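# Observations on chain architecture
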Amino acid sequence: MTINLDIELINSDLSDKQLNVPNGSTYENVLDILGINQETVLLLKEKKAVPIDGIAVPGKLTIMCIASQG
């Protein structure tokens, strides 16, 4: 079983995307799949920060890049 995430990327060179991940995946797993360093982003769900080790839930996930890409 999988869950669907609608990913919005802010302050990033990457484009927004939809991603299906296995049920029980953590947000850390999601970042690994996307190739994003967890030390450089803030994760938001409904405008509230979520922990990197939290279990991903379906819906919109905002990934805000907070470190310089250069």
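The notes below deal with the structure included here. (Residues numbered from 1 in each chain as written. Predicted model: local features only at pLDDT ≥ 70, side-chain atom pairs only at ≥ 80, totals over all residues. Heavy atoms only, no water.)

### Regarding the pairing of strand E1 (residues 2-10)
Where burial is concerned, the two faces of E1 differ: the one with Ile3, Leu5, Ile7 and Leu9 is buried and the one with Thr2, Asn4, Asp6, Glu8 and Ile10 is not. In the sheet, E1 pairs with strand E2 (residues 17-22) via six bridges, with the strands oriented antiparallel. Across the sheet, residue leucine 5 finds its bridge partner in E2, namely leucine 19. Connecting the antiparallel pair E1 and E2 is a turn made up of six residues, with asparagine 11 showing a positive phi of about 60°. As paired strands, E1 and strand E5 (residues 59-65) are joined by six bridges and run parallel to one another. Looking at E5, one finds that glutamate 8 is bridged to threonine 62. (Buried < 20%, exposed > 50% of the residue type's maximum accessible area, 1.4 Å probe, protein only. Helix = DSSP H or I, 4+ residues; strand = E, 2+ residues; numbered from the N terminus. Pairing = 2+ DSSP bridges.)

### Things to note about the side chain of lysine 45
Among the secondary structure elements, lysine 45 is positioned in strand E3 (residues 41-45). Of the side chains with opposite charge, glutamate 46 comes closest to the buried, unpaired lysine 45, at an N-O distance of 6.4 Å. Of the polar contacts made by the side chain of lysine 45, one reaches the backbone oxygen of valine 57; its length is 3.2 Å. The contacts of lysine 45, once residues within four sequence positions are left out, are Tyr27, Val50, Val57, Pro58, Gly59, Lys60 and Leu61. (Lys, Arg positive; Asp, Glu negative; His and termini not counted. Salt bridge = Lys/Arg side-chain N within 4 Å of Asp/Glu carboxyl O. Polar contact = N/O pair within 3.5 Å; in protein donor to acceptor, adjacent residues only side chain to side chain. Contact = heavy atoms within 4.5 Å.)

### Things to note about the environment of asparagine 29
Assignment of secondary structure puts asparagine 29 in helix H1 (residues 27-34). Given the relative accessible area of 33%, asparagine 29 is considered partly exposed. Along the chain, asparagine 29 and serine 12 lie 17 residues apart, while their C-alpha atoms are 19 Å from each other.

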